[in-house]
Amino acid sequence: MSDAVSLNTERPFWPAVRCGLRQCCPNCGEGKILHNYLKIHDNCPSCGEDLTHARADDGPAYLTILIVGKIMIGAMLHIYIAYEPSPLVMASSFTIGTVVLALYLLPRLKGAIVAIQWAKRMHGF
């Protein structure tokens, strides 16, 4: 009976997502859920929460592409119209910016997706 009650209890969604964006455990908010850049720990190092069920797959990559594309296209249009830089400056600066922004966002979005799965109990019970 206690297992059924614990499965039906509500988990806080937005605090879990905030923890996931910080790459922290959605349960305790302290332990790091990622190691080696994008590998998920089996258990939270701090509270021991089981994270083996988390499967982000390609979701973080798709979200990263959408967000980086939206930001970079808007920035490229603005910079080109306002300052008219040379094509070499545009290509080099926005290539570097795109790579840096994608590498920054990817683990954070993976943490957020793992946190959403944890909050919504999306782990195949």
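Quick look at the structure, then. (Residues numbered from 1 in each chain as written. Predicted model: local features only at pLDDT ≥ 70, side-chain atom pairs only at ≥ 80, totals over all residues. Heavy atoms only, no water.)

### A closer look at the packing of aromatic side chains
Right, on to step 1. Counting across every chain of the model gives 1 aromatic pair.
Right, on to step 2. Relative to Trp-14, the ring of Phe-13 lies with its centre 4.9 Å away and its plane at 85 degrees, an arrangement referred to as edge-to-face.
Right, on to step 3. Lying over the aromatic face of Tyr-104, Arg-108 brings its terminal NZ or CZ to 3.9 Å of the ring centre. (Phe/Tyr/Trp six-rings, centres within 6.5 Å; stacked < 30°, edge-to-face > 60°. Lys NZ or Arg CZ within 6 Å of the ring centre and 35° of its normal.)

### Re the nonpolar core
Right, on to step 1. Grouped together as the largest cluster of nonpolar side chains are 8 residues: Cys-25, Ile-33, Leu-34, Ile-40, Cys-44, Leu-51, Ala-54 and Val-114.
Right, on to step 2. Excluding residues within four positions of it along the chain, Leu-34 makes contact with Gln-23, Lys-39, Ile-40, His-41, Pro-107 and Lys-110.
Right, on to step 3. In this structure, Val-68, Met-72, Phe-94 and Leu-109 belong to the second largest nonpolar core, which totals 7 residues. (Core = buried A, V, L, I, M, F, W, Y, C linked by side-chain atoms within 4.5 Å. Buried < 20%, exposed > 50% of the residue type's maximum accessible area, 1.4 Å probe, protein only. Contact = heavy atoms within 4.5 Å.)

### Section: the environment of Lys-120
Right, on to step 1. Structurally, Lys-120 can be placed in the segment after α4 (87–119).
Right, on to step 2. Each C-alpha atom of the pair Lys-120 and Pro-12 lies 8.9 Å from the other, and the pair is 108 residues apart in sequence. (Helix = DSSP H or I, 4+ residues; strand = E, 2+ residues; numbered from the N terminus.)

### Some thoughts on the pattern of salt bridges
Right, on to step 1. The final tally for this structure, using the stated rule, is 2 salt bridges.
Right, on to step 2. Where Arg-11 meets Glu-49, a salt bridge forms, and the shortest distance between an N and an O atom there is 4.0 Å. Here Arg-11, found in the loop between α1 (2–8) and α2 (13–21), pairs with Glu-49, found in the loop between β2 (39–40) and α3 (59–83); they are 38 residues apart in sequence, far enough to count as distant. Glu-49 carries the same exposure label as Arg-11, and that label is buried. (Salt bridge = Lys/Arg side-chain N within 4 Å of Asp/Glu carboxyl O.)

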